[in-house]
Amino acid sequence: MEHSAAIKRLSDPKPQGRWSLPGIGLVKGLLVTATNMLQSYYRKDRMTTVQYPEQRAPISPNFRNFPFLVYDGDDAMAGLRCTACSICEKECPPQCIYIVLDRDENGKSLKRPKVFDIDVSVCMNCGICAEVCPFDSIYMDGEYELSTSDRFGGLLFNKQRLARSTNYHAKLRPLQAAEVATRRKADEDKKLAAQAAKEAKAEAAKEAKAEADKEAKAAEA
Ligand code: SF4
Ligand code: SF4
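Nothing here was measured: the structure is a model prediction, and the numbers come from that model.

Next up on the list: the site of ligand 1. What surrounds ligand 1 is a group of 14 residues, the closest being Cys-92, Cys-123, Cys-126, Ile-128 and Cys-129. Across the shell around ligand 1, the residue classes tally to 12 nonpolar, 2 polar and no charged.

Below you can see the structure in the form of structure tokens.
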């Protein structure tokens, strides 16, 4: 009995106690459209037409286009945070990142990229490279005026083209850059404290040894 009542309820297009005039949904939709149209003439936040390229609308904080590489200090190439670990290269779904690790004459890793290219004509703006980078080195850019007639050379960005300063990052994504800067500073402080503790321990051991040698010499005499 209960089962058949439930089936009846489900198959009833008009739930009991509810009714509507035919076409009322259409009228409501038209009213929303009319309100939006009228508001677009007097409400500032609804005036969305911008005279591009003379004017530019501010981009949304979450807008992302292609990646860029962050560098510290004034020298873009010397200050690159990238260690050429190649994690982003491996994780990039369309495989549009190409990295070559820089090495010294003995073949030892210099922990920096000799080559770091991104083919932005292939990049799908997913942001995975920025998510997986363990060195706070790569982030998504908001630059969108990239049209070029050079299909191959113009859209293959090398490390010089990709490098952006920390100030650029802070201006583009203030919250993210501030969080990264705080974390990096805390890591740096921790490293310095550990180094200082290590040096203090070594110094104490040296002093203790000198003291022991002195006592041994005094005992011999
Ligand atoms: S945004 Fe996505 S597709 Fe583009 S380089 Fe990064 S991982 Fe590759
Ligand atoms: S950008 Fe980050 S993940 Fe990619 S190679 Fe450089 S350090 Fe590694």
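Before going further, it helps to examine the site of ligand 2. Surveying the vicinity of ligand 2 reveals the residues Cys-82, Thr-83, Ala-84, Cys-85, Ser-86, Ile-87, Cys-88, Ile-99, Cys-133, Phe-135, Ser-137 and Ile-138. Within the shell around ligand 2, the residues separate by chemical class into 9 nonpolar, 3 polar and no charged.

The subject of this paragraph is the nonpolar core. In this structure, Leu-69, Cys-88, Ile-97, Ile-118, Cys-129, Ile-138 and Leu-162 are the most contacted members of the largest nonpolar core, which totals 23 residues. Among the secondary structure elements, those contributing two or more residues to this core are strand 1 (67-71), strand 3 (109-119) and strand 4 (138-140). The element best represented in this core is strand 1, accounting for 4 residues. When near neighbours in sequence (up to four residues on either side) are disregarded, Ile-97 contacts Cys-88, Glu-89, Cys-92, Ile-118 and Cys-129.

In this chain, Tyr-52 is followed by Pro-53 through a cis amide linkage whose omega measures 10°. At Ser-86, a position not held by glycine, the phi torsion is positive, near 70°. If you trace the backbone, Ser-86 turns up in the loop between strand 1 and helix 3 (87-91). Residue Ser-86 is classed as partly exposed on the basis of its C-beta count, with 15 C-beta atoms lying within 10 Å. Positive phi is not limited to glycine here, since Asn-125 has a value of about 60°. Structurally, the position occupied by Asn-125 is in the loop between strand 3 and helix 4 (128-132).

Here we take up the pairing of strand 1. Side-chain positions along a regular strand alternate between the two faces of the sheet. Burial runs high along strand 1: 5 of the 5 residues are buried. By the alternation rule, side chains of strand 1 split into Pro-67, Leu-69 and Tyr-71 and Phe-68 and Val-70, which are all buried. Pairing analysis gives 3 bridges linking strand 1 to strand 4, with the strands arranged antiparallel. Its bridge partner lying in strand 4, Phe-68 is registered against Tyr-139. Relative to strand 6 (residues 163-165), strand 1 is paired through 3 bridges, and the arrangement is parallel. Bridge pairing in strand 6 places Leu-69 opposite Ala-163.

With 19 residues, helix 2 (residues 24-42) extends 28 Å between its outermost C-alpha atoms, agreeing within 8% with the 27 Å of an ideal straight helix rising 1.5 Å per residue. Burial analysis of helix 2 places just 0 of its 19 residues in the buried class, a small minority of the element.

This paragraph deals with the sheet that holds strand 1. With mixed pairing, the 3 strands of this open sheet are ordered in space as 4-1-6. The sheet is open, and its two borders are formed by strand 4 and strand 6, each paired with just one other strand. Sheet twist, expressed as the average angle between the axes of neighbouring strands with direction ignored, equals 50°.

Further remarks concern the pairing of strand 3. Pairing analysis gives 6 bridges linking strand 2 (residues 97-103) to strand 3, with the strands arranged antiparallel. Along strand 3, the bridge assignment pairs Val-100 with Val-115. A loop of 5 residues connects strand 2 with strand 3, the two strands running antiparallel in sequence, and Gly-107 in this loop sits at a positive phi of about 85°. Where strand 3 meets strand 5 (residues 156-157), 2 bridges bridge the pair, whose relative direction is antiparallel. Residue pairing for strand 5: Asp-119 is matched across the bridge by Leu-156.

Rules of the game
Residues numbered from 1 in each chain as written. Chains lettered and ligands numbered in written order. Predicted model: local features only at pLDDT ≥ 70, side-chain atom pairs only at ≥ 80, totals over all residues. Near = placed C-beta within 6 Å. Nonpolar A, V, L, I, M, F, W, Y, C, P; charged D, E, K, R; others polar. Core = buried A, V, L, I, M, F, W, Y, C linked by C-beta atoms within 7 Å. Buried ≥ 20, exposed ≤ 12 C-beta atoms within 10 Å, placed from the backbone. Helix = DSSP H or I, 4+ residues; strand = E, 2+ residues; numbered from the N terminus. Contact = placed C-beta atoms within 7 Å. Pairing = 2+ DSSP bridges. Expected span 1.5 Å × (residues − 1). Axes fitted to C-alpha atoms, helices over the stretch in contact; angles between N-to-C directions.

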